[in-house]
Amino acid sequence: MPDITTKITGLTLRNPVVLASGTVGYGPEYAELIDYETVGAIVTKTITREPREGNPPPRLAETHAGLLNAIGLENVGLRRFLSEKLPEAAELPTEIIASVAGGTPAEFCELAGAVGERDAVRAVEINISCPNVRRERRPVWDDPEGTAAVVTAARSATKKPLIVKLSPNTADILSVAEAAVGAGADALVVANTMPGMRIDLEKRLPALGNVTGGLSGHALMPINLALVWKVSAAVDVPVIGSGGIATAEDALEFLMAGATAVQVGTALFLDPGAPAAIVWGIREHMRMNGAETIDEYIGLAREEKQRCTEKIAAD
Ligand SMILES: Cc1cc2nc3c(=O)[nH]c(=O)nc-3n(C[C@H](O)[C@H](O)[C@H](O)COP(=O)(O)O)c2cc1C
């Protein structure tokens, strides 16, 4: 059998398929639908210091090739997460990555420290794509200095692997990625959703209560795949690919572009069995192609591209 384990700085996952934050709640809510034994890890819903009610409804709108969500980070807050949600999630047969978002570097420090000190939390993911996190007028996800400030703060609070989730909604993702790594990120998630909207023609109103939301699902895949290709070439920490992954072939594209693991989100809403099918499909692909470890796939397309370029130059 091929070895499908993968390593994300300080964390070994039994396979490279991770369930994305916000798509399985805190974990137990989906335990009857999803076989957690089949996935490498789950990322719990992003929590903030205080509970949040989130945005007004409607919060979801379908698009032709994806989904718009404007949940607005509804969550139970740090205290209830630690006392209620985390102990339940700890019983699940998979690794737990806790996602946090703060409004200031000090909040990121507090949140990362508080979740990071719990044994059940194997890694801390910080969500810098949160719209309410701003330094002056510039959102943190688009601001290398702001990113460095929140990552430095979170890094000072925990020795657990620190994963920083980037936004695709920036003209210069490399500067943000390098700032995150420079400030101590152990791995990057590339990337979160892109902003978008729809209009409800009958109501003559925006389809989402918040007007705009984050576009996820298949429409997002080529955008985030290109960002994984770019970022993974520039940083020396593992990159976790995210955006529209629904099949083993999608996941393999991300691995070949340079990802060390992948996150699956929206695909779960259509098929809660998708992650297990993705893991099976990756293993089958390895078996059929004589691959022994997942490492053989990571960045393979870049190596092939390089070989082609050298061959053309030599001819
Ligand atoms: C309903 C919903 C809620 C989400 N909530 C969060 C969240 O709390 N924190 C976060 O970092 N990302 C959140 N996301 C983004 C996903 O984790 C993921 O990065 C994104 O949807 C792209 O992956 P996908 O196309 O596989 O869904 C959410 C996505 C959806 C669809």
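Preceding this section is the structure that the text describes.
We now turn to the structure provided with this report.

Rules behind the numbers
- All chains use their own residue numbering, which begins from 1 and follows the written sequence.
- In view of the model being predicted, local features appear only for residues whose pLDDT reaches at least 70, and side-chain atom pairs are presented and counted only at 80 or more, with totals across whole chains, interfaces and linings using the full set of residues.
- By definition, any uninterrupted DSSP run of H or I lasting at least four residues is a helix, any uninterrupted run of E lasting at least two residues is a strand, and each is numbered from the N terminus.
- We compute the radius of gyration over the C-alpha atoms and compare it with the globule rule, which gives 2.2 Å times the number of residues raised to the power 0.38.
- Remark: C-beta atoms are placed from the backbone, and a residue is labelled buried if 20 or more other C-beta atoms sit within 10 Å of its own, exposed if 12 or fewer do, or partly exposed between those counts.
- Here, residues touch in the contact sense if the C-beta positions derived from the backbone fall within 7 Å of one another.
- Pairing between two strands requires that DSSP report at least two bridges joining them.
- With axes taken as lines fitted to C-alpha atoms, and helix axes fitted only over the stretch in contact, angles between N-to-C directions fall between 0 and 180 degrees.
- Orientation categories follow fixed angle ranges, with anything under 35 degrees roughly parallel, anything over 145 roughly antiparallel, 65 to 115 roughly perpendicular, and all other angles oblique.
- Throughout, a crossing is termed right-handed when the near helix is turned clockwise from the far one, and left-handed when it is turned anticlockwise from it by less than a right angle.
- Lys, Arg, Asp and Glu make up the charged group, whereas Ala, Val, Leu, Ile, Met, Phe, Trp, Tyr, Cys and Pro make up the nonpolar group; the residues left over, Gly among them, are polar.
- The criterion for a residue being near a molecule or strand is simple: its C-beta atom, placed using the backbone, must lie within 6 Å of it.
- Crossovers are described as right-handed under a simple rule: with the strands pointing away from the observer, the path leading from the first strand over the helix to the second runs clockwise.
- In plain words, the nonpolar core is the set of buried Ala, Val, Leu, Ile, Met, Phe, Trp, Tyr and Cys residues that C-beta atoms within 7 Å link up.

Observations concerning the overall build of the protein
No. 1: Secondary structure summary: the protein contains nine helices and 18 strands in total.
No. 2: Against the compact-globule benchmark of 20 Å for 315 residues, the protein has a radius of gyration of 19 Å, which places it among compact chains.
No. 3: Oriented by its inertia axes, the alpha-carbon framework of the protein measures out at about 60 × 50 × 45 Å.
No. 4: When the 315 residues of the protein are sorted by exposure, 52% land in the buried category.
No. 5: Summarising the internal contacts of the protein: among those between residues at least 6 apart in sequence, 72% fall at separations of at least 24.

So, the sheet that holds strand E13 (residues 194-196)
Paired through their backbone hydrogen bonds, the strands of a sheet run either parallel or antiparallel.
No. 1: Across the sheet, which stays open at both edges, the four strands sit in the order E5-E6-E16-E13 with antiparallel pairing between neighbours. A single partner strand is all that each edge strand has here, and the edge strands are strand E5 (60-63) and E13. Put simply, the sheet's adjacent strands are angled 35 degrees from each other on average, direction ignored.
No. 2: Bridging between strand E6 (residues 66-69) and strand E16 (residues 213-216) involves three bridges; their strand directions are antiparallel. In the strand pairing of E16, Asn69 is matched with Gly214.

A short note on the packing of helix H3 (residues 144-157) against helix H4 (residues 173-182)
A pair of packed helices is characterised by two quantities: the angle between their axes and the separation of those axes.
No. 1: Following both chains from N to C, one finds H3 and H4 inclined at 25 degrees, their axes separated by 8 Å at the closest point. In terms of orientation, H3 and H4 fall into the roughly parallel class. Like other packed secondary-structure pairs, H3 and H4 cross with a definite hand, here right-handed. Residues Pro144, Thr147, Ala148 and Val151 of H3 form the contact with H4, whose own contacting residues are Ser175, Val176, Ala179, Ala180 and Gly182.
No. 2: Considered class by class, the residues forming the contact of H3 with H4 number six nonpolar, three polar and no charged.

Here's the deal with the site of the ligand
No. 1: Around the ligand sit 26 residues in total, of which Ala20, Gly22, Ser216, Gly265 and Thr266 are the nearest.
No. 2: By residue class, the composition of the shell around the ligand is eight nonpolar, 16 polar and two charged.

Examining H4
An α-helix turns once per 3.6 residues; consequently, residues spaced three or four apart project the same way.
No. 1: Every buried residue of H4 is accounted for by Ile173, Val176, Ala177, Ala179, Ala180 and Val181.
No. 2: Next to the buried residues of H4 lie H3, strand E11 (162-165), strand E12 (187-190) and helix H5 (221-234).
No. 3: Once H4 finishes, Gly184 follows within two positions and takes phi at roughly 115 degrees, a positive value.

Quick word on the pairing of E11
No. 1: Neither face of E11 is exposed, since Leu162 and Val164 on one face and Ile163 and Lys165 on the opposite face are all buried.
No. 2: Following the backbone out of E11, through H4 and into the adjacent parallel E12, one traces a crossover that is right-handed.

Concerning the environment of Ser175
No. 1: Looking at the secondary structure, you find Ser175 in helix H4.
No. 2: The class for Ser175 is partly exposed, based on 16 C-beta atoms found within 10 Å.
No. 3: Along the sequence, Ser175 and Glu145 sit 30 residues apart, while their C-alpha atoms lie 9.3 Å from each other.

Examining the pairing of strand E18 (residues 261-264)
No. 1: Along E18, one buried face is formed by Ala261 and Gln263 and the opposite face, lined by Val262 and Val264, is buried too.
No. 2: Pairing analysis gives three bridges linking strand E3 (residues 17-19) to E18, with the strands arranged parallel. Pairing of Val17 across the sheet is with Val262, part of E18.
No. 3: Pairing analysis gives three bridges linking strand E17 (residues 239-242) to E18, with the strands arranged parallel. Within E18, the position partnered with Ser242 by the bridge is Gln263.
No. 4: Once you follow E17 into helix H6 (residues 248-257) and on to E18, the crossover reads as right-handed.

Thoughts on the nonpolar core
No. 1: Core analysis: the biggest nonpolar cluster contains 98 residues, and Val124, Ile126, Leu166, Leu188 and Ile240 have the highest contact counts within it.
No. 2: In this structure, Leu166 is in contact with Ile128, Trp141, Ile173, Val176, Ala177, Leu188, Val189, Val190, Ala191 and Asn192, ignoring residues within four places of it in sequence.

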